[in-house]
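Chains, contacts and geometry: an overview
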Amino acid sequence: MVPPTLASTCPKTEDTKSIEKHYNMVCYPFALLSLTAGILTQAYGSPAVSASQRLPRAEIPAQAQFIDQKTFNVLPTVLPPSEANATTAFTPPGLDTDSLKAKPFHIYDDEFYDVIGLNPTLTLIANAGTNPLFHEAVVWYPPTDEVFFVQNAGAPAAGTGLNKSGIISKIALSEAAAVTNTRNATGSVTVHTVDSNPTVINPNGGTIYNGQILFTGEGQGTSVPPNLILMNPREPYNTTVLVNNYFGRQFNSLNDISINPRNKEVYFTDTLYGYLQDFRPSPGLPNQVYRYNDVTGAVTVVADGFSLPNGVTFSPNGSHAYVTDTGANGGFQGWNLSRPASIYRYDVQEDGTWKNRKLFAFVDSGVPDGIHVDSTGNVYSGCGDGVHVWNPSGKLIGKIYIGAISANFNFAGNGRIVICADENLYYATVAASGGGYIGEV
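Residues numbered from 1 in each chain as written. Predicted model: local features only at pLDDT ≥ 70, side-chain atom pairs only at ≥ 80, totals over all residues. Heavy atoms only, no water.

1. A closer look at the overall build of the chain
Along the chain, the regular secondary structure elements total seven helices and 26 strands. Buried positions account for 53% of the 441 residues belonging to the chain. Pairs at least 24 apart in sequence give 56% of the contacts found in the chain among residues at least 6 apart. If you sum the accessible surface of the chain, you get close to 19900 Å²; carbon and sulfur atoms cover 53% of it. (Helix = DSSP H or I, 4+ residues; strand = E, 2+ residues; numbered from the N terminus. Buried < 20%, exposed > 50% of the residue type's maximum accessible area, 1.4 Å probe, protein only. Contact = heavy atoms within 4.5 Å. Areas by Shrake-Rupley, 256 points an atom, 1.4 Å probe, with all protein chains shown as cover.)

2. A word on the environment of lysine 70
Relative to the assigned elements, lysine 70 resides in the loop between β1 (64-66) and α4 (97-102). Assessed through its relative accessible area of 58%, lysine 70 is described here as exposed. On a C-alpha basis, the gap between lysine 70 and proline 92 in space is 10.0 Å, while along the polypeptide they are 22 residues apart.

3. Concerning the layout of surface pockets
In this approach a probe as big as a water molecule rolls over the atoms, and the regions it shows empty are the leftover space. Counted as a void, the largest pocket has a volume near 730 Å³. Around the largest pocket, the lining is made up of 42 residues, and of these His135, Asn152, Asn329, Ile405 and Asp422 lie nearest the centre. Each residue belonging to the lining of the largest pocket can be placed in one class, and the counts come to 16 nonpolar, 20 polar and six charged. Computed from the structure, the second largest pocket encloses a volume of approximately 500 Å³. Around the second largest pocket sit 23 residues that line it, and Leu75, Ala84, Ala89, Phe90 and Thr91 are the ones nearest its centre. With three residues, strand β23 (residues 396-401) is the largest single contributor of residues to the lining of the second largest pocket. Across the lining of the second largest pocket, the residue classes break down as 12 nonpolar, seven polar and four charged. (1 Å grid on protein atoms, 1.4 Å probe; cavity = no way out; pocket = protein on both sides within 12 Å on 5 of 7 lines; lining within 4 Å. Points joined across faces, edges and corners; volume = space filled by probe spheres on them. Nonpolar A, V, L, I, M, F, W, Y, C, P; charged D, E, K, R; others polar.)

Here it is, written out as structure tokens:
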């Protein structure tokens, strides 16, 4: 259709057919030329489009905000590494800690809208003072709709590690769901202690496996070796050790665990944090990722070459593995900022072995610890300021910002995430759902 203003520019003739012919020959090219000129004028002659005009494909939810990365591409002052590093918090220009917390769902890319949905919420549901009660091994047990988690082993404030074990706790999600309209609902959700029998010593990672919870135990001193240990999620919480050695040698300090949804085998990381937190002896093995086949009993190494391997998970179809390397954080030995704070991706072969290691992401705050995926393949990791989210190609698309370290978290089915932050426990509602980590219950 030709704009009406262009019709008036066509020369008139005395013959109708001539008019029609002249219109087609002259006005169409003229219209195309005018349209092209308009586009170029708009592209090169108009002022720059503001961030608020450029981004939203939808209304920004009440608890969300857009973080415009162009605002900090060039800063008037860039602090030296001693003042700006993985241990410090970066605040984008024009914002402060309070404003970042006030709207905790930070949109870095439009794709994050699909993750958070129209009305995401974040609620503080429990506070333990100085006790790091809410640390890792966040596991949802669907039959009772409860979420389990463990205390930080080796934390001075808790006195755990060598002298006593970190404990397991749980909450009922029905209580958390009842307070989603409140930002601070501490005291509204009861935290129950789980008395495993025999006790799971210094648990750190966990997942559902064959209807039970499979923990990685970090070990204790020289006499209690690290192990894989099953726990019944119901009373009397009886436990069974599955693996506690590699050909007669103690593991260093087992950390995290995941089940590949394709072959159903167990994959787990072994690292040095028991040693680095003074409750395990000097390491006797390299830092590696292992694989356990419960049919044959075989324990094999699938990946090495890490500084400090930590979290492990798989893409929804099991074709990719993700491993976090928290080498920058040396526990009681302090930080080495030249070491990894990175996530690596591997291709998982049909036989369960891994190849094609690739750097997937380097985090901007702290180190990436616990790691999980959603049903569409987005990757989530607990970092120095909350939970970061990347799309499957490794692009940062958003954060769930809590302004503190989140060592781990997990989905609890569709649209629910429980986030551990040591002394604080959070409950988030989003649009995304967990992907393939639950297994059969």
